[in-house]
Amino acid sequence: MSEKWPLKVSAKEITSGLLHAKDVEVMIGRLAMEEAWEPIGPTPFPHVSTLRSWDHKLLGRYKPFYAPFCDYCCLCTYGKCDLSKGKLGACGLDLKAQQGRIVLLACCIGAATHTSHARHMVDHLIEKYGHDFPINLGQDIAVEMPHARLITGVKPKTLGDLAYLLNYCEQQITQCLSATHTGQEGSYIDFESKALHVGMIDHLSMEIADVAQIVAFNFPKGDPNAPLTWLGLGVLDLRKPVVLCIGHNVSAGIEVIEYLEKSGLGGPGQTVDIGGLCCTAHDITRYRDQAKVVGPISDQLRIIRSGAADAIMTDEQCIRTNVLFEAQRVKTPLIATSDKASYGLMDVSDLPVEKIVEMLVSGSVPGVYLPDLEKAGAVVAVTAIRMAPIRQKFKIIPDTSQIQSAASKCTLCGTCRRNCPIDLPVDQAVFNAKKGSFDMLAALHDVCLGCARCEQVCPQKIAPLTLIEAAAQAKIKTEKYLMRVGRGPILDTEIREVGSPIVLGEIPGVVAYVGCANFPNGGMEVALMAREFARRGFIVTLSGCSAMVASYYRNEEGKTIYEEFPGSFDRGGVVNVGSCVANAHITGAAIKIANIFARRPLRANYEEIADYILNRVGAVGVAWGAYSQKAASIATGCNRLGIPVIVGPQGSKYRRMYLGKAEDRDSFTVYDARTGEQSWVGPVPEHLIIALENMNECMVWTAKLCIRPNDTTKGRMIKLTHYVDLYKRIYGRLPPDLQMFVRTEADIPITFKDEVVQHLKEVGWKPWEKPSVDPTLLRRLVRV
């Protein structure tokens with residue numbers, strides 16, 4: 001549908017009584033976007049190489065560091081080619097360029113996933129509400145889509161405008177992907193430049209997807225006091241029929257809710273309980289408070305196997321690819337709604353609702369593919385109602401005799417443990433259950449990844465993950481936590497309040513926890529880190545599964561982080577922006593600071609805004625856990641904007657970091673925009689993307705990567721106080737590189753002044769000649 005709009009009319013020659021013109025081209029439908037709301041900047045709708053010079057500036061300071069899985073290239077039939085020890089592939093590619101190519105592929109996959117999500121969402125909403133449905137985020141948000149304005153120079157006003165912008169996103173992803181073909185790009189630096197470009201496109205696509213659903217479904221529009229909602233398997237009423245929605249595109253789940261409401265089965269005290277996993281869970285609770293968040297991606301297999309769901313609806317992204325098999329183990333019918341994940345199921349679009357329900361309830365088919373979302377909503381709801389009495393036995397917590405019987409074949413061979421990616425004592429736990437002791441099995445629940453690799457290799461065909469979940473069922477089915485509903489964008493009024501203290505350093509930083517905390521104690525570590533930085537007065541933002549698991553920790557009063565801290569974008573605030581696509585609001589806040597507070601021109605002015613953020617906005621992203629290719633594109637998009645990202649504790653598997661060299665003074669030399677002179681500003685931020693291995697290390701680097709050249713003496717003192725305090729608490733001594741961040745004695749943290757002064761004397765520190773500059777990497781921004 002979106003391809004038909006805007007309408008483009010061309011003519012070689014037009015002649016009338018008033019006009020004679022040749023080579024005329026008229027675009028109908030873009031007038032609202034092209035109004036002169038601000039002078040157009042230098043880079044509207046940038047193509048692959050438009051911002052290449054900016055990329056090269058970043059990559060000159062932050063050199064790509066590669067950690068390849070292997071030394072071979074196996075992407076074409078010339079190979080496989082051994083690229084080790086300086087050897088070239090059959091096409092001439094070396095190992096470094098091959099790694100840049102793999103990174104670009106990952107970023108293209110991630111960006112394509114969000115763009116495809118946005119396309120499906122926008123097309124569905126246009127079909128439902130029309131091209132002219134307005135974009136209105138409320139009176140407190142005038143800069144409604146900062147990425148769209150910054151990147152394309154367009155101020156979208158309708159859903160149709162968003163469809164037009166997606167044409168650009170799709171074009172750019174195709175261009176970047178084509179560079180990975182054999183015999184195309186050969187430079188690792190330019191592979192990385194393209195990765196940065198497609199990462200930028202990813203943030204635009206995420207913004208389009210979330211703004212579209214916010215305005216169409218009336219989600220919270222930047223509400224700092226968005227309501228609290230319950231999270232956990234224990235929130236479901238298993239006495240009722242239960243629908244479980246899995247994925248990231250909420251359109252299908254909303255159709256279930258709307259069917260229930262139209263049928264008189266929804267609303268308060270509704271007949272059917274509807275819960276979600278992953279980002280769909282975020283978004284159905286943004287739509288109706290009767291919907292429930294069941295859990296993050298890391299709990300997906302466990303929750304399916306719990307048998308709680310009477311019908312499962314899948315849409316797209318982050319779904320177990322064997323979801324059909326797992327659903328059938330507990331006799332749960334599956335309704336797949338996305339053509340990106342249809343699992344070989346029969347397309348039943350042409351069948352009536354009653355016939356489809358009959359097929360599912362009778363068990364004649366294990367599931368169906370039904371892309372008609374309105375019909376799918378009815379099928380899922382009715383199927384769950386009819387399956388509930390049939391499936392009741394699958395919702396009963398298993399007794400210990402059943403667990404012991406299932407473990408009875410264990411020989412303690414250790415095969416399961418050897419295949420566990422984190423070396424959990426699965427073998428001993430199962431063997432203990434065989435002897436009647438279940439505590440060790442139950443204890444594994446909180447640290448198990450839920451990958452089920454142990455089950456693939458057990459010679460006795462035991463299912464350890466099922467046993468772990470069974471042993472912990474009493475806890476699983478009763479645990480629940482409070483989480484704030486995703487609020488969406490940051491208000492312009494909030495930006496006006498915090499812009500100055502963030503840029504001057506008096507608010508020590510903005511920390512964004514994103515992605516999937518899918519590793520041992522991952523949820524608890526995200527919760528502890530988020531609480532630590534909120535307590536220290538940083539602004540903490542969260543999205544996706546990290547926003548869910550942050551509620552796993554309760555303080556001494558029994559409160560989760562969302563009950564303990566306010567939801568405002570301000571000092572000590574904890575902000576849940578929403579699902580994965582809501583990540584664009586976090587980077588959008590950095591863009592807004594440059595525009596609203598600093599009054600930097602926004603429209604199609606990418607380089608200047610990114611330069612401002614790199615040198616002035618103390619923000620850092622943290623993707624803490626195993627995550628998909630979307631993490632690669634999200635992080636790389638942050639990097640192009642000048643925002644550092646920490647990945648861990650398995651972050652090296654992304655295969656590339658952008659590392660600065662603190663000892664290389666030339667790379668951290670900037671122009672002073674007031675005088676045109678060049679000055680060394682210290683290694684701030686030291687890296688653009690870095691992989692770390694544990695929570696303590698992550699907290700130290702989070703504080704350190706918020707330091708910026710533009711900090712005032714008060715701001716630098718505050719930031720160094722947090723850096724020194726965390727470093728001393730964890731390592732028991734002062735940071736060995738402290739002298740690189742102290743410009744004058746006024747920067748020295750008061751709390752540690754004597755100790756720091758002594759350290760500075762020992763290393764021969766001297767006050768900087770130019771402690772205060774107006775920093776920029778762009779020569780054209782020098783004002784003299």
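Residues numbered from 1 in each chain as written. Predicted model: local features only at pLDDT ≥ 70, side-chain atom pairs only at ≥ 80, totals over all residues. Heavy atoms only, no water.

Observations regarding the packing of helix H2 (residues 95–129) against helix H4 (residues 159–178)
Item 1. For the pair H2 and H4, the least separation of the axes is 10 Å and the interaxial angle reads 160°. Compared by their axis directions, H2 and H4 come out roughly antiparallel. Where H2 crosses over H4, the two elements pack in a sense that is left-handed. Residue-level contacts link Leu 104, Leu 105, Cys 108, Ala 111, Ala 112, Thr 115, Ala 118, Arg 119, Val 122, Leu 125 and Ile 126 of H2 to Leu 159, Gly 160, Leu 162, Ala 163, Leu 166, Asn 167, Cys 169, Glu 170, Ile 173, Cys 176 and Leu 177 of H4.
Item 2. Looking at the contact of H2 with H4 residue by residue, the classes come out as 17 nonpolar, three polar and two charged. (Axes fitted to C-alpha atoms, helices over the stretch in contact; angles between N-to-C directions. Helix = DSSP H or I, 4+ residues; strand = E, 2+ residues; numbered from the N terminus. Parallel < 35°, antiparallel > 145°, perpendicular 65-115°, else oblique. Left-handed = near helix turned anticlockwise from the far one by under 90°. Contact = heavy atoms within 4.5 Å. Nonpolar A, V, L, I, M, F, W, Y, C, P; charged D, E, K, R; others polar.)

Quick notes on the domain arrangement of the protein chain
Item 1. Under the domain assignment used here, the protein chain contains domain 1 (7–217), domain 2 (236–391), domain 3 (400–477) and domain 4 (481–776).
Item 2. Here the C-alpha centre of domain 3 lies 46 Å away from the C-alpha centre of domain 1. (Domains from an automatic or database assignment.)

A closer look at unusual backbone geometry
Item 1. Cis rather than trans, the peptide bond between Gly 648 and Pro 649 has omega equal to -10°.
Item 2. Within the secondary structure, Pro 649 sits in the loop between strand S18 (645–648) and strand S19 (656–659).
Item 3. With an omega of -15°, the peptide bond running from Val 684 to Pro 685 counts as cis.
Item 4. Looking at where Pro 685 falls in the secondary structure, it is placed in the loop between strand S21 (678–680) and strand S22 (687–691).
Item 5. In this structure, Gln 317 takes a positive phi of about 75° despite not being glycine.
Item 6. Relative to the elements of secondary structure, Gln 317 occurs in the loop between strand S10 (311–314) and helix H9 (323–329).
Item 7. On the accessibility criterion, Gln 317 (11% relative accessible area) is buried. (Buried < 20%, exposed > 50% of the residue type's maximum accessible area, 1.4 Å probe, protein only.)

Observations concerning the pairing of strand S8 (residues 273–277)
Walk down a regular strand and you will see the side chains alternate between the two sheet faces.
Item 1. Most of S8 sits inside the fold, with five of its five residues counted as buried.
Item 2. Side chains Asp 273, Gly 275 and Leu 277 of S8 all project onto a buried face; the interleaved residues Ile 274 and Gly 276 project onto the opposite face, where all are buried too.
Item 3. For strand S7 (residues 242–246) and S8, the ladder comprises five bridges, and the chain directions are parallel. Looking at the pairing, Val 242 lines up with Asp 273 of S8.
Item 4. Here three bridges tie S8 to strand S9 (residues 292–295), and the two strands are oriented parallel to one another. Bridge assignment links Gly 275 to a residue of S9, and that residue is Lys 292.
Item 5. Since S8 and S9 lie parallel, the crossover through helix H7 (residues 279–287) that links them has a hand, and here it is right-handed. (Pairing = 2+ DSSP bridges. Right-handed = clockwise from strand over helix to strand, strands pointing away.)

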